[in-house]
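Each chain, letter by letter, is given below.
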Protein chains: 2
Amino acid sequence: MKVLKTYFEVFEILKDEFCNFNLQSEKVSIQEAVFRICAQDIIADIDVPHFDKSTVDGYALRCEETFEANDENPAVFEIVGEVKTGKVPDFQIQKGQAARIFTGGYVPQNANSIVMLENTIEEDGKLYVFKPAKPGENILKKGEDIKRGDIVIKKYQKLEPAQIGVLAAIGKKEVEVFKKIRVGIVSTGDEIISQDEKLDSAKIYDVNSFTLFTSCYKEYALPKMYGIVKDDFEVLKDILFKALQENDIVLISGGSSVGTYDNTLKAIESLKDSKVLVDGVSIKPGKPTIIAKVGIKAVFGLPGHPVSCLFIFNFFVKKLMDIILHQQDTFRKVVAKMKTSIATSSGRTEFVFVKLHFGDEILAEPLYGKSGSINLLNNASGYIRVDATKTGIRAGDIVEVILI
Amino acid sequence: MKVLKTYFEVFEILKDEFCNFNLQSEKVSIQEAVFRICAQDIIADIDVPHFDKSTVDGYALRCEETFEANDENPAVFEIVGEVKTGKVPDFQIQKGQAARIFTGGYVPQNANSIVMLENTIEEDGKLYVFKPAKPGENILKKGEDIKRGDIVIKKYQKLEPAQIGVLAAIGKKEVEVFKKIRVGIVSTGDEIISQDEKLDSAKIYDVNSFTLFTSCYKEYALPKMYGIVKDDFEVLKDILFKALQENDIVLISGGSSVGTYDNTLKAIESLKDSKVLVDGVSIKPGKPTIIAKVGIKAVFGLPGHPVSCLFIFNFFVKKLMDIILHQQDTFRKVVAKMKTSIATSSGRTEFVFVKLHFGDEILAEPLYGKSGSINLLNNASGYIRVDATKTGIRAGDIVEVILI
């Protein structure tokens, strides 16, 4: 019997071996850069806003002249003009003067406050202000939002729509991001056929190529399918070699059967600079998982069962992607109450799929399915972890559900 | 003073007006279909598996003959062959016989149980079994996972990787999905310029086109930018007309200023079959929001402030997309504890942006920024709702954070 690794040992191995993975970067337009990882610190080379800007519709004036104003004794101003939004005003505000201004307008020289339209009356070229205004009120000062020289986005920061907005605000049209992680996908097994073939009696359709391919999309990686390889060492070795040249990570699914598992292991070991890091993990599902390093690249031998295969992608492959891209674990957890009890007994850390029900409280219903059931996945919202030392979880217990 | 709508009134209006929006469908390959919405019930036209399948490596035999077996008195079988995975075995299992079989193998006729390799010894063509086996053990029966005739995926179900796997398992190469929602995006304002232009003194770069465009990607919609329109009624009307012909939803941002707001309203009203549904909402941020129906399509007038604009997209536009696609609210909430107190006083329902800190407990730190600050978004993890009747939230209170 070989000694299986625990899942946290696997996490440590992935970190140690791949934390210095040197992913190339590329320049893309800011709208294409969304959900990508920034490859350098981005420094603002302008102030935002780069002039004192009104944040409301109203009147620009000097607030000192409103300090005594109240409902009975309004402060009175002469209206000297209107600030055209998008234009620098060609007048200044002198004592006793005010100017119309709109949201986004350039605050005229000498004005230090914008009084909102709602709090004024304009009549016969005169402005009546009924409440004291404060210095700087309704003005976004030059550089108050972003200062020239500020680092606005850090290297390794993920570019969500908000960050794309920040880049747009400082006038960037393009940004340097890390290239997408390239993932080669190979299905193995003599019983696996493609959806193009006729289903004869002892065959099953390839599922893992498609769940892995689309899961890569979910992680903004760049997947490529290498088709189905029968249980033939030479063919597998050649495909693996090709896939490794063209990708950063290669996923070979199908190794639940001893023969296929050994074949995958042998094909990996036959390559130059290969090192098997993990050969079996003490978890359920996912025990027959292989992880290897070939040169600087990663190869995973994933279980053939579709449920186990997709689980191991989410658990280990996604983890490796986060390590390569210097990302913290993405937050996708929900706290729920167990709907019914479950018993576990494998002596390994078990992951139990659950369906979430949203009502006054969130209930997690455990899903059962024989090993190899694909329909189980169809109903699962996520999974919970039951440690090897436990024998189950009771109905009513509070659990943490990791969403898939 | 006009009466503002509450946000739940707006939700009801969106539901009433757009729940029958008739989005066309299209056929795409299953790998392209990921994250799309299924446009019809999918019925399995095969059983999965479509033969009795072994789920382990082991031996196929008749379990009745093992019922008396124990460590001292193993049941003994003659090994009559090996099932080649992917092939229908050309032999049957008779009394006293067993056959080697691997994960995924076709269970030979008459066998009713698979004994795992680990629980046996094979020696000189004989198999020794030391534990009783159960009927059906380690066999996935024909149709046990998916039955021919079952509805495996329902109309309006979102196709995540797991559902793509189910489609692959039943041999589908293509699937009918709803077309992506087409969204036209227009920025307005005399002060707005594109990143291609030189930033002169009273101008600011267009931000909203980019945050809206990339937010559409996040929702798997199909955005198209129509550029920047100065505050000119005729030009806005023409662009709006064109954008409405080419899209399902049109977003016009920039209407925080009274003039721009009125312009947008006037442009909408000038179109045939137009109906303004919402003209101002009692929330903060996002008060100057316009929602209209033109024919069967939707037009949003969004605030010009980048933070308000993106917030209203997430709050109302995303809601409309969910209604059109018959989706439940996507679950993106986290329960957290307030790090510091906040005071609200607008008399409207306020949404306060927060940054989440993950430690032993999740803390929500309120973020402040003057109206119009784009950098605020850069730091926000999500927002919390403070009802109009409340005056704030105290440090230590438990809040629900809607992630952005």
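All of these numbers come straight from a predicted model, not from anything done at the bench.

Let's shift gears to the overall build of chain A. Helix and strand counts for chain A come out as 7 helices and 28 strands. Computed over its C-alpha atoms, the radius of gyration of chain A comes to 31 Å, more than 25% above the 22 Å expected for a compact globule of 404 residues. Within the span of chain A, comprising 404 residues, buried residues form 54% of the whole. The contacts of chain A with a sequence gap of at least 6 include a subset with a gap of at least 24, amounting to 71%. Summed over all atoms, the accessible surface of chain A reaches about 17900 Å², with 48% contributed by carbon and sulfur.

What follows deals with the interface of chain B and chain A. On the side of chain A, 80 residues touch chain B, which itself brings 80 residues to the contact. Taken together, both faces of the contact between chain B and chain A bury some 6400 Å²; the carbon and sulfur share is 64%. The interface formed by chain B and chain A holds 4 salt bridges in total. With its nearest N and O atoms 2.4 Å apart, the salt bridge here joins Lys173 of chain A to Asp196 of chain B. Summed over the shared surface of chain B and chain A, the number is 26 residue pairs in polar contact (both at pLDDT 80 or more).

We now examine helix α5 (residues 258–269) of chain A. Residues and elements named next belong to chain A. With 12 residues, α5 extends 16 Å between its outermost C-alpha atoms, agreeing within 8% with the 16 Å of an ideal straight helix rising 1.5 Å per residue. Every buried residue of α5 is listed here: Thr260, Tyr261, Asn263, Thr264, Leu265, Ala267 and Ile268. Contact partners of the buried residues in α5: β13 (182–188), α4 (233–246), β17 (249–253), β18 (274–279), β20 (290–294) and β21 (297–302).

Moving on: the sheet that holds strand β8 (residues 120–123) of chain A. Residues and elements named next belong to chain A. Taken in spatial order, the 6 strands make up an open sheet running β7-β4-β6-β5-β9-β8, and their pairing is mixed. Strands at the two margins of the open sheet, each flanked by one partner only, are β7 (113–116) and β8. Neighbour-to-neighbour, the strand axes of this sheet turn through a mean angle of 35 degrees, independent of strand direction. Summarising the sheet, β8 and strand β9 (residues 126–129) pair through 4 bridges and their orientation is antiparallel. If you follow Thr120 over to β9, its bridge partner there is Val129.

With that settled, the discussion passes to empty space enclosed by the protein. Residues and elements named next belong to chain B. Scanning the model with the defined rule gives 1 cavity of 30 Å³ or more in all. The volume enclosed by the largest cavity comes to roughly 30 Å³. Lining the largest cavity are Ile252, Gly254, Gly255, Tyr261, Thr264, Pro288, Ile290, Gly301 and Leu302.

Right, let's get into the sheet that holds strand β7 (residues 113–116) of chain B. Across a sheet, paired strands are connected by hydrogen bonds in the backbone, their directions being either parallel or antiparallel. All names here are of chain B. Spatially, β7-β4-β6-β5-β9-β8 is the arrangement adopted by the 6 strands of the open sheet, whose pairing is mixed. Looking at which strands have only one partner, the edges of the open sheet turn out to be β7 and β8 (120–123). Neighbouring strand axes in the sheet, compared pairwise and without regard to direction, differ in orientation by 35 degrees on average. Across 4 bridges, the pairing between strand β5 (residues 75–82) and strand β9 (residues 126–129) is antiparallel. Within β9, the residue paired with Phe77 across the bridge is Leu127.

Glancing now at the environment of Gln245 of chain B. If you trace the backbone, Gln245 of chain B turns up in helix α4 (residues 233–246). Residue classification places Gln245 of chain B among the exposed positions, given a relative accessible area of 55%.

For the rest of this paragraph, the subject is the UniProt feature "domain: MoaB/Mog" (unreviewed entry) in chain A. UniProt annotation of "domain: MoaB/Mog" (unreviewed entry) refers to residues 184–323 of chain A when read in the numbering used here. Note that residues 184–323 of chain A is 39% helix and 29% strand, and that its end C-alpha atoms are spaced 18 Å apart.

The next point concerns the domain arrangement of chain A. As far as domains go, chain A holds domain 1 (7–23 + 180–324), domain 2 (25–48 + 144–178), domain 3 (53–140) and domain 4 (333–403). The gap between the C-alpha centroids of domain 1 of chain A and domain 3 of chain A is 67 Å.

Residues and elements named next belong to chain B. Along the chain, the position of Ala99 falls in strand β6 (residues 97–101). Judged by relative accessible area, which is 0%, Ala99 ranks as buried. Remark: the alpha-carbon pair of Ala99 and Ala111, spanning 12 residues in sequence, is separated by 9.0 Å. Setting aside anything within four residues of it in sequence, one finds Ala99 in contact with Gly58, Tyr59, Ala60, Gly81, Phe91 and Ile93.

This part takes up the relation of the copies chain B and chain A. Note on the copies: chain B fits chain A at an RMSD of 0.1 Å, the axial shift is 0.0 Å, and the rotation between them is 180 degrees. Such a turn and shift between the copies fits a two-fold axis. Relative to the rotation axis, the C-alpha of Val334 of chain B is the closest in chain B, positioned 3.8 Å from it. An overlap of 100% is found between the interface residues of chain B and their copies at the interface of chain A, pointing to a shared contact surface.

With that settled, consider the pattern of salt bridges. Taken as a whole and judged by the stated rule, the model has 40 salt bridges over all chains. Where Lys15 of chain B meets Glu12 of chain B, a salt bridge forms, and the shortest distance between an N and an O atom there is 3.4 Å. Residue Lys15 of chain B and its partner Glu12 of chain B are located together in helix α1 (residues 7–18), separated by 3 residues, close to a single helical turn. The partner of Arg62 of chain B in a salt bridge is Glu64 of chain B, with the nearest N and O atoms 2.9 Å apart. Residues participating in the shared-partner salt-bridge network are Glu82, Lys84, Arg100 and Glu122 of chain A.

Residue and element names in this part refer to chain B. Mapped onto the elements of the fold, Asp387 is located in the loop between β26 (382–386) and β27 (392–393). You can call Asp387 partly exposed: its relative accessible area is 29%. Placed 71 residues apart in sequence, Asp387 and Phe316 show a C-alpha to C-alpha distance of 17 Å. Apart from the residues lying within four places of it in its own chain, the contact partners of Asp387 are Tyr7 and Thr349. At 3.1 Å, the side chain of Asp387 forms a polar contact with the side chain of Arg385.

This part takes up the side chain of Thr66 of chain A. All names here are of chain A. Within the secondary structure, Thr66 sits in the loop between β4 (58–61) and β5 (75–82). Under the relative-accessibility criterion, Thr66 is labelled buried at 0%. One polar contact links the side chain of Thr66 to the main-chain amide nitrogen of Ala133, over a distance of 2.8 Å. When near neighbours in sequence (up to four residues on either side) are disregarded, Thr66 contacts Leu61, Ala75, Phe77, Val129, Lys131, Pro132 and Ala133.

What follows is about the packing of α4 of chain B against helix α5 (residues 258–269) of chain B. Residue and element names in this part refer to chain B. Axis separation between α4 and α5 bottoms out at 9 Å; the angle between their running directions is 50 degrees. In terms of orientation, α4 and α5 fall into the oblique class. Crossing angle aside, the handedness with which α4 passes α5 is right-handed. Judged by residue contacts, Phe233, Leu236, Lys237 and Leu240 of α4 engage Asn263, Thr264, Lys266, Ala267 and Ile268 from α5.

What follows is about helix α1 (residues 7–18) of chain A. Along an α-helix, residues three or four positions apart point the same way, because every turn accommodates 3.6 residues. All names here are of chain A. In a regular helix each residue adds 1.5 Å, so 12 residues correspond to 16 Å; α1 covers 16 Å between its end C-alpha atoms and thus fits that length. Along α1, the positions that sit buried rather than exposed are Tyr7, Val10, Phe11, Ile13, Leu14 and Phe18. All buried residues of α1 lie within an arc of 165 degrees about the axis, which places them on one face of the element. Turned more than 90 degrees off the buried face of α1, the exposed positions are Phe8 and Asp16.

Rules of the game
Residues numbered from 1 in each chain as written. Chains lettered and ligands numbered in written order. Predicted model: local features only at pLDDT ≥ 70, side-chain atom pairs only at ≥ 80, totals over all residues. Heavy atoms only, no water. Helix = DSSP H or I, 4+ residues; strand = E, 2+ residues; numbered from the N terminus. Rg over C-alpha atoms; globule rule 2.2 N^0.38 Å. Buried < 20%, exposed > 50% of the residue type's maximum accessible area, 1.4 Å probe, protein only. Contact = heavy atoms within 4.5 Å. Areas by Shrake-Rupley, 256 points an atom, 1.4 Å probe, with all protein chains shown as cover. Buried area = accessible area lost by both parts, 1.4 Å probe. Salt bridge = Lys/Arg side-chain N within 4 Å of Asp/Glu carboxyl O. Polar contact = N/O pair within 3.5 Å; in protein donor to acceptor, adjacent residues only side chain to side chain. Expected span 1.5 Å × (residues − 1). Pairing = 2+ DSSP bridges. Axes fitted to C-alpha atoms, helices over the stretch in contact; angles between N-to-C directions. 1 Å grid on protein atoms, 1.4 Å probe; cavity = no way out; pocket = protein on both sides within 12 Å on 5 of 7 lines; lining within 4 Å. Points joined across faces, edges and corners; volume = space filled by probe spheres on them. UniProt positions renumbered as here; feature names shortened; annotations may be inferred. Domains from an automatic or database assignment. Least-squares fit on C-alpha atoms with pLDDT ≥ 70 in both. Parallel < 35°, antiparallel > 145°, perpendicular 65-115°, else oblique. Left-handed = near helix turned anticlockwise from the far one by under 90°. Arc of directions from axis to C-beta.

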